[in-house]
Amino acid sequence: MKKRLNTLLFLIAAFWFVGCHSSSTSEQQAAASTETPSASASTSTANPLDDKGIGPVQSVQLGPIQSELAKKGEAIFNEKCTACHRIESRYIGPALKGVTKRLAPEWIMNMILNPDVMIQQDPIAKQLVNESNGAVMANLHLSEDDARALLEYLRSIDDSSSSR
């Protein structure tokens, strides 16, 4: 019950935030959507692909895209993440297209699993919060398997867009 209340309060705050910023022009939104976290975060980290973030994931073994895992990740994304994220453009959170090319897989999974600590201590996460007008990523209390499925979904998007 408390988790549902927290989720409801987060969604209300997210809708309020979007409503308060609805006066943004499409040019501002277009400019924001083309901005890459790696470019702005590069001032705080030498190479974002070397930064594994802060959390339980220390190493991720990647191979070819696992389509079944990516499908599971897509379902999780559509259920849990679309309140704040879009693939192609910035919404409340940053656009996620290309994220697997800009950030380490460990960092992405740690941000999914441990956003509270990441936002407080990780320079790239702090930068992303600043770029999102202070909107912080909610802790969805996902499992490591769910985070890995989300990573695979994001990898499948980036893999398909790079092969075009």
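Notes on the structure follow. (Residues numbered from 1 in each chain as written. Predicted model: local features only at pLDDT ≥ 70, side-chain atom pairs only at ≥ 80, totals over all residues. Heavy atoms only, no water.)

### Things to note about the pattern of salt bridges
Taken as a whole, this structure holds seven salt bridges when the rule is applied. The closest approach of N and O atoms between Lys71 and Glu68, which form a salt bridge, is 3.7 Å. Of this pair, Lys71 and Glu68 both sit in helix α4 (residues 67-81), three residues apart, which is roughly one turn of that helix. Assessed through its relative accessible area of 57%, Glu68 is described here as exposed. (Salt bridge = Lys/Arg side-chain N within 4 Å of Asp/Glu carboxyl O. Helix = DSSP H or I, 4+ residues; strand = E, 2+ residues; numbered from the N terminus. Buried < 20%, exposed > 50% of the residue type's maximum accessible area, 1.4 Å probe, protein only.)

### So, the side chain of Glu152
With respect to the secondary-structure elements, Glu152 resides in helix α9 (residues 144-162). By relative accessible area, which is 0% here, Glu152 ends up buried. Residues within four places of Glu152 in sequence aside, it is in contact with Pro64, Ile65, Gln66, Leu69 and Ala70. (Contact = heavy atoms within 4.5 Å.)

### Things to note about the packing of α4 against α9
Two elements in contact, α4 and α9, have axes separated by 7 Å at closest approach and are oriented at 100°. The orientation of α4 with respect to α9, classified from their angle, is roughly perpendicular. Contact with α4, carried on its side by Leu69, Ala70, Lys72, Gly73, Glu74, Ile76, Phe77 and Cys81, involves Asp145, Asp146, Arg148, Ala149, Leu150, Glu152, Tyr153 and Ser156 of α9 and no other residues of that element. For the contact of α4 with α9, the class distribution of residues is eight nonpolar, two polar and six charged. (Axes fitted to C-alpha atoms, helices over the stretch in contact; angles between N-to-C directions. Parallel < 35°, antiparallel > 145°, perpendicular 65-115°, else oblique. Nonpolar A, V, L, I, M, F, W, Y, C, P; charged D, E, K, R; others polar.)

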